[in-house]
Amino acid sequence: MTAPHTPPHQPSASDPWAVPPSAGSAAPFPEDDGPGIQTELKEAAVIAVAVTVCGAFLGLLWNWLAPRVPLVADERSVFLKEIEGEQAIGADGTFLLLALAFGVLSGLVVFLARKRGGVPLVVGLALGGLLASVVAWRLGILVGPGGDVVARAKEAGPGVTFDAPLELNAIGALLAWPIAALAVHLGLTALFGPRDPEFDAVPYHDWSAAPGGKHGPEGGARES
């Protein structure tokens, strides 16, 4: 009568056909679902609001640093004092450069605060940058020279120079902040962000290298 050396449920350590322990007990894929979608949405909303509030600082800086367009009036009309002046272009350029700087800074701060990243965070950063640009644009005009040119011309008097209202002619400059913020954040995430874990592959059992060749477990001899 033939019988196996070991019970079927307890494979021998010398059994070449037994599945290696590492294969049978391979660690499952690590589960790292992150903080959860609700938490990510809340963080994205906080980032969007915080970045939008920072737009007030951009508006104040723009009003302070932007060159003024000089106007002069006579008894009938208001004219540009310098016809070939570039102050209006300078105002647009000042807004653009400041918005780029604020975008780079906000992208860096958000990355340092939340290195995990995520789609909601990126959307919140982009939306906050766009809203911040709009806030800066409207606030800069609000705190700048008054918009009623006729009233200010009458107040100044004929031949007296006064400043034109602050304007942003290049509306596309409103996209500078979100574009710069996204570029910096995505670039830093690609370079320094957390990497996905590398999974260990299940070891391959070479049946042909075991005694008995490639006949498999059925080809193993049993003693009487």
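Residues numbered from 1 in each chain as written. Predicted model: local features only at pLDDT ≥ 70, side-chain atom pairs only at ≥ 80, totals over all residues. Heavy atoms only, no water.

(A) Representation of the nonpolar core within the structure. With 23 residues, the main nonpolar core has Leu 58, Trp 62, Phe 95, Leu 168 and Trp 177 as its most contacted residues. Contributing elements (two or more residues each) for this core: helix H2 (37–65), helix H3 (87–113), helix H4 (119–143) and helix H6 (176–192). The element best represented in this core is H3, accounting for six residues. Trp 177 has contacts with Val 51, Cys 54, Gly 55, Leu 58, Ala 99, Phe 102, Gly 103, Ser 106, Gly 129, Ala 132 and Ser 133, leaving out every residue within four places of it along the chain. (Core = buried A, V, L, I, M, F, W, Y, C linked by side-chain atoms within 4.5 Å. Buried < 20%, exposed > 50% of the residue type's maximum accessible area, 1.4 Å probe, protein only. Helix = DSSP H or I, 4+ residues; strand = E, 2+ residues; numbered from the N terminus. Contact = heavy atoms within 4.5 Å.)

(B) Inspection of empty space enclosed by the protein at higher detail. Within the structure shown, the criterion is met by one cavity of 30 Å³ or more. For the largest cavity, the calculated volume is near 30 Å³. Contributing to the lining of the largest cavity are Glu 40, Glu 43, Arg 114, Gly 117, Gly 118, Val 119, Pro 120 and Leu 121. Mapped by element, the contributors of at least two residues to the lining of the largest cavity are H2 and H4. The leading source of residues in the lining of the largest cavity is H4, at three residues. (1 Å grid on protein atoms, 1.4 Å probe; cavity = no way out; pocket = protein on both sides within 12 Å on 5 of 7 lines; lining within 4 Å. Points joined across faces, edges and corners; volume = space filled by probe spheres on them.)

(C) Spatial organisation of the packing of H3 against H6. Interaxial distance between H3 and H6 falls to 7 Å at its minimum, and their mutual angle equals 35°. Where H3 crosses over H6, the handedness of that crossing is right-handed. Each of Leu 96, Ala 99, Leu 100, Phe 102, Gly 103, Val 104, Ser 106, Gly 107, Leu 108, Val 110 and Phe 111 in H3 lies in contact with H6, whose residues at this interface are Ala 176, Trp 177, Ala 180, Ala 181, Val 184, His 185, Leu 188, Thr 189 and Phe 192. (Axes fitted to C-alpha atoms, helices over the stretch in contact; angles between N-to-C directions. Left-handed = near helix turned anticlockwise from the far one by under 90°.)

Structural measurements only, silent on function.
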